[in-house]
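For reference, the chains in residue letters:
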Amino acid sequence: MTEPLAHPQSPGLLDLYDVALPQVYGYLSARCGSTSLAEDLTAETFLAAVDALRRERVPELSVAWLIGVARHKLVDHWRRREREERSLRAVETAAAPEAVDEWDVHLDAHLAHRTLERLGDHHRSALVLRYLDGLPVREVAACLGRTEGATEVLLVRARRAFRDLYETGEEG
Amino acid sequence: MSAPHDPFESLAQPVVPRAPRLEFARQLRDRLEAELEAEPATGLDAEPGPAGDSPTDPSTGPQRLDDVPDLSTIPVVQLSRRTAMTADITPGATAGSTAPPSVAARAVATPYLAVRGGLDALRWYTEAFGATETFRVVGDDGRVGHAELDIGGARLMLSDEYPEIGVHSPAGLDGTSVSLHLEVPDVDERFARAVAAGATAVNAPADQDHGSRHGTLVDPYGHRWMLSTRIEQVDLGTYAQRAAASGFDVQPGDAPSGGAPAGGEPGIWAGLSYRDAPAGIRFLVDVVGFELQALAADPDDPDVVVHSELRWPEGGVVQAGTYVPDNEFMQAPGAQAIYVITRDPWAVWERCRSAGVEVVRPPEEPHYDPGGMGFSVRDPEGNILSFGSYAGGVS
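As a starting point, this report considers the structure included with it.

Analysis parameters
- Position numbers for residues count from 1 along each chain, tracking the sequence in the order it is written.
- Written order decides the labels, with chains lettered from A and ligands numbered from 1.
- The predicted origin of the model limits local features to residues at a pLDDT of at least 70 and limits the giving and counting of side-chain atom pairs to 80 or more, whereas totals for whole chains, interfaces and linings rest on all residues.
- To get the side-chain values, take all heavy atoms of the structure and skip hydrogens and water.
- When DSSP finds two or more bridges between a pair of strands, those strands are recorded as paired.
- Secondary structure follows DSSP: runs of H or I at least 4 residues long count as helices, runs of E at least 2 residues long count as strands, and numbering of each begins at the N terminus.
- Note on classification: 1.4 Å probe, protein chains only; a residue is buried when its accessible area is under 20% of the maximum for its type, exposed when over 50%, partly exposed between these limits.
- Centres within 6.5 Å are what make two rings of Phe, Tyr or Trp a pair, Trp counting through its six-membered ring; a difference in plane orientation under 30 degrees is then read as stacked, over 60 as edge-to-face, and the rest as tilted.
- Here, over-ring charges are defined by two tests on the NZ atom of lysine or the CZ atom of arginine: distance to the ring centre within 6 Å, and angle to the ring normal within 35 degrees.
- Relevant arc is that of directions from the helix axis to the C-beta atoms, nothing else.
- Whether two residues touch is decided by their heavy atoms; if any such pair falls within 4.5 Å, the residues are in contact.
- Residues adjacent in sequence count toward polar contacts only when both atoms are side-chain atoms; beyond that, a polar contact is any pair of N or O atoms within 3.5 Å, and within protein one must be able to donate a hydrogen and the other to accept it.

With respect to the pairing of strand β11 (residues 291–298) of chain B
Regular strands place side chains that alternate from one sheet face to the opposite one.
Residue and element names in this part refer to chain B.
Part 1 of the reasoning: Pairing of β11 with strand β12 (residues 301–311), which is carried by seven bridges, proceeds in the antiparallel orientation. Bridge assignment links Ala297 to a residue of β12, and that residue is Val305.
Part 2 of the reasoning: Joining the antiparallel neighbours β11 and β12 is a turn of two residues.

Brief notes about unusual backbone geometry
Residue and element names in this part refer to chain B.
Part 1 of the reasoning: Of note, Asp174 is a non-glycine position whose phi angle comes to about 60°, a positive value.
Part 2 of the reasoning: By the secondary structure assignment, Asp174 is in the loop between α3 (170–173) and β6 (179–183).
Part 3 of the reasoning: With relative accessibility at 76%, the residue Asp174 sits in the exposed group.

Quick word on the packing of aromatic side chains
Residues and elements named next belong to chain B.
Part 1 of the reasoning: The full count for this structure, using the stated rule, is 16 aromatic pairs over all chains.
Part 2 of the reasoning: On the basis of an interplanar angle of 65° and a centroid distance of 5.5 Å, the ring pair of Trp124 and Phe129 is categorised as edge-to-face. Neither Trp124 nor Phe129 differs from the other in exposure class; each is buried.
Part 3 of the reasoning: Through a chain of ring-to-ring contacts, the aromatic side chains of Trp124, Tyr125, Phe129, Tyr221 and Trp225 assemble into a single cluster.
Part 4 of the reasoning: Cation over ring: Arg143 sits above Tyr162, and NZ or CZ is 4.0 Å from the ring centre.

Structural notes on helix α4 (residues 187–196) of chain B
Residue and element names in this part refer to chain B.
Part 1 of the reasoning: Of the residues making up α4, those classed as buried are Val187, Arg190, Phe191 and Ala194. Within α4, the buried residues cover an arc of 100° as seen down the axis, which keeps them to one side.
Part 2 of the reasoning: Residues of α4 that are buried sit in contact with α2 (118–129), β4 (144–151), β7 (200–207), β8 (212–218) and β9 (224–230).
Part 3 of the reasoning: The distance from a side-chain oxygen at the start of α4 to the backbone nitrogen of Asp188 is 3.1 Å, and the residue carrying that oxygen is Asp186.
Part 4 of the reasoning: The first or second residue beyond α4 is Gly198, which carries a positive phi of 120°.

Here you go:
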């Protein structure tokens, strides 16, 4: 019988757990609108962190790093769901989007979140990363696995889709 | 000039800490402790990550705090569902499918029965009503926390009574205020079978003014069922006349919205033509599972079907008729193709397979319907009938 060897880094994550958990959960629950989904993704985030620690692929264990993992988990979830639910996609408007229109409104926070929830997963991912998380386009592109050019186009479409839904309000 | 106002900037949402449920926090901590103590799974560490492709790989330069490992190289961790910790989940008889909730083609209100003696009740509904149990969750106290039944395409949910949280069954209430209206292929047969299994007959099956034959019974758990079979198509005027004789005033309402019509609603009916229409209709009914709800034959030759309406139990209508070469509305037999949506394509497949029907496309999981199934067969005169669980969803 041998005692299981304690991983040299293992106390770190548990020490950080009480501080990091509300941060990670807070980040996720504000973006996914469902307690059970936020819990599942929170658990996935921490378990992925355990795994990354084992593989010694963690530069510096911190709340910020965990939130980065959570962000990937969220995007992965939306991507997976989009693949499952929308692999047959309605035909997108073939024409390339026009240049960004000026849109001078003050968004109502509640309606804006309802609108985000109604958007397609690919559009929602782009807007959440760019505006809620405040990432520069380069980092949004890295997160989504797209080129910066493709990400710019996606953001224009996503803004357009958001605006259309927002302006039709709660109906439909 | 000032920079244009960008309304999207107002969406910025810094991370606001929020405590999850205590129970969740505790379970996740336990899970992490266990994971951290456990030996790394064999092969996990041995599997080398692709060099240089990760933002955290030292070879790619200085690290930023919010850089993350390339998660595509991390195995997906399968989490057990929360319910599994307290309950035993048994998938039922939906062959080939592990997903419990079924896809509804339209919005539905599903009856949720509370019964005293849930496990007995599941057995009883299976025997007496020919229900298929598709899902079951049993608590550690032996009570059924949730179960789902399918009766000829009608979906029901069921649980034991939980008086402590206000879920009462007819046994505890000494009666029920809601009747369940169930369409069945043969009301007399079903009624007799249920009564033989212990149901109490209230009204024996009898023909109704509106074109159905009804029987009412109360099952051993106190639920009141109205079993119904359509026996004739009655238009509203005829029904109004008949009802007036009994002192009732019939008023049409608005058309219902959405969904696949089974008759009486706007929608699309598919057409199939046969040289031997009676044989084609027998095939559609006996093998495929359509229900014949109306038939008009040529008075001079009963084998010539002028019109028929075959109702798919889950929604939709097919018209089958005798092919008349000079009828400008008809295509020759074999030229038609229809797609039928069903929650249980495996059941239809089993009927087709055991009847030796010609298979055009064996069961497969369509790329647009992950977890679903579709297949196609040729009917006796060559028309192609496709069946599948895919019920739309392009948004």
